[in-house]
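Structure at a glance
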Amino acid sequence: IIGAGNAYWEIFDLINDINKSENKFNIISILDDNDEIIGKEFNNIKVKGPIREEIKSFSKDVKFVFAIGSMQSRLNRRNIIEYLNIEPNRFVTLIHPTCKIYSNTKIGYGCIIHYGCIIFSHTIIDNFTLISACCVIGVKNLIGEGCLFASSITTTTDIKIGSYSFIGAGVVIAPNIEIGPGSMIGLGSCVFRNTLKGEYTLGNPARVINKDNVDEKIINLWEQFKLLNF
């Protein structure tokens, strides 16, 4: 597991729940760059680092879980992934056994989908997306790389959510909406219009209250993903 922050504890429990029905995963190490916690043990698993040095010690059959990211660091997650320099197919996707994934849905590498989520048909989710508990993702959604979903989000039909966006808890997104790459939607918001890259929107109806600069590589990643899938 790459990252020893708050996400680690959620992922540890998620893996335990998966293993109750199918003994599929064995956590062998936690990797982190924080000198203050390297050498400590969480759940009897030692934290090792620096990350890039430790990665070299693992054989090719070892898989990784990407457990780094928050609302504040959403735009930096892409830089971290590039820094790690690990092939995407070495990242395992974790889906809680209580989730319902409908037919014709595609989920990429390194995704994490927590308890009680429903993902309807013809939705495509790119690599490294995290979806927290009890989210409902509608039909024919396109979700870019590295997105972060808090809990109890509802998207409707034909939604596009740009790469490395953050969607807060309890957000509802109306049909045929596109959320620009690197955007942030505040908790409890109802989104009835498209948002542009890097916009922070909040409220019901959601209104723009701030804007962050978004790296061109994230914007290009999202545009290429849309071209490939629609």
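Keep in mind that what you see is a predicted model, and the values were worked out from it rather than measured.

Moving on, we come to the packing of aromatic side chains. Counting across every chain of the model gives 11 aromatic pairs. For the ring pair Tyr8 and Trp9, a centre distance of 5.1 Å and an interplane angle of 75° mean the geometry is edge-to-face. Of the residues examined, Tyr8 reaches a relative accessible area of 0% and is grouped as buried. When the ring of Trp222 is compared with that of Phe225, the centres are 6.3 Å apart and the planes differ by 40°; the resulting orientation is tilted. With Trp222 and Phe225 both in helix 4 (residues 216-229) and three residues apart, this pair spans about one turn of that helix. The pair formed by Trp222 and Phe225 is uniform in burial state, with each residue classed as buried. In textbook terms, an aromatic cluster arises when at least three aromatic residues are bridged by ring pairs, as seen for Phe58, Phe64, Phe66, Phe91 and Phe128.

Let us look at the nonpolar core. Counting residues in hydrophobic clusters, the biggest one holds 25 residues, and the most contacted among them are Ile1, Tyr8, Ile11, Ile30, Val65 and Leu94. Sorting the residues of this core by element identifies helix 1 (6-21) and strand 3 (45-48) as the ones contributing at least two each. Among the elements that make up this core, the one with the highest residue count is helix 1 (seven residues). Among residues more than four places away in sequence, those in contact with Tyr8 are Ile1, Gly3, Ile30, Phe42, Asn43 and Ile45.

Turning next to the pairing of strand 3. Residues Ile45 and Val47 point to one face of strand 3 and are all buried, whereas Lys46 and Lys48, pointing to the other face, are not buried. Direction of pairing for strand 1 (residues 30-31) relative to strand 3: parallel, over a ladder of two bridges. Bridged to Ile30 within strand 3 is Val47. By the bridge criterion, two bridges tie strand 2 (residues 41-42) to strand 3 in an arrangement that is antiparallel.

Let us now look at the side chain of Ser183. Tracing the backbone through its elements, the reader meets Ser183 in the loop between strand 18 (178-179) and strand 19 (184-185). Of the residues examined, Ser183 reaches a relative accessible area of 0% and is grouped as buried. One polar contact links the side chain of Ser183 to the main-chain carbonyl oxygen of Gly180, over a distance of 2.7 Å. Residue contacts for Ser183: discarding those within four places in its chain leaves Arg74, Tyr164, Ser165, Phe166, Thr195, Leu196, Lys197, Gly198 and Glu199.

Turning next to the sheet that holds strand 18. Reading across from one edge, 6-9-12-15-18 is the order of the five strands in this open sheet, with parallel pairing throughout. Both outer strands of the open sheet, strand 6 (106-107) and strand 18, are each paired with one neighbouring strand and no more.

Glancing now at the pattern of salt bridges. Enumeration according to the criterion identifies 10 salt bridges in this entry. Notably, a salt bridge pairs Lys226 with Glu178, separated by 2.8 Å at the nearest N-O pair. Of the two residues, Lys226 sits in helix 4 while Glu178 sits in strand 18, which places them 48 residues apart along the sequence. The class of Lys226 is buried, set by a relative accessible area of 16%.

The end-to-end C-alpha distance of helix 4, which contains 14 residues, comes to 20 Å, matching closely the 20 Å that a straight helix rising 1.5 Å per residue would cover. The inward-facing, buried residues of helix 4 contact helix 3 (77-84), strand 9 (124-125), strand 12 (142-143), strand 15 (160-161) and strand 18. Between a side-chain oxygen at the N-terminus of helix 4 and the backbone nitrogen of Lys217 the separation is 2.9 Å; the capping residue is Asp215.

This next bit is on the sheet that holds strand 1. Spatial strand order, 1-3-2: three strands in an open sheet with mixed pairing. What marks the edges here is a single partner per strand, and that holds for strand 1 and strand 2.

With that settled, consider unusual backbone geometry. Trans is the prevailing form of peptide bonds, just as negative phi is the prevailing case for residues other than glycine. Following Gly49, the chain continues to Pro50 via a peptide bond in cis, the omega torsion being -5°. With respect to the element layout, Pro50 can be found in the loop between strand 3 and helix 2 (51-55). Between Asn204 and Pro205 the backbone carries a cis peptide bond, its omega angle lying at 0°. Mapped onto the secondary structure, Pro205 falls in the loop between strand 21 (199-203) and strand 22 (206-211). Of note in the backbone geometry, Asn44 takes a positive phi value of approximately 65° without being a glycine. When you line up the elements, Asn44 lands in the loop between strand 2 and strand 3. Non-glycine residue His122 carries a positive phi angle of around 60°. Inspection of the secondary structure assignment puts His122 in the loop between strand 8 (118-119) and strand 9.

Parameters at a glance
- Residues numbered from 1 in each chain as written.
- Predicted model: local features only at pLDDT ≥ 70, side-chain atom pairs only at ≥ 80, totals over all residues.
- Heavy atoms only, no water.
- Phe/Tyr/Trp six-rings, centres within 6.5 Å; stacked < 30°, edge-to-face > 60°.
- Buried < 20%, exposed > 50% of the residue type's maximum accessible area, 1.4 Å probe, protein only.
- Helix = DSSP H or I, 4+ residues; strand = E, 2+ residues; numbered from the N terminus.
- Core = buried A, V, L, I, M, F, W, Y, C linked by side-chain atoms within 4.5 Å.
- Contact = heavy atoms within 4.5 Å.
- Pairing = 2+ DSSP bridges.
- Polar contact = N/O pair within 3.5 Å; in protein donor to acceptor, adjacent residues only side chain to side chain.
- Salt bridge = Lys/Arg side-chain N within 4 Å of Asp/Glu carboxyl O.
- Expected span 1.5 Å × (residues − 1).

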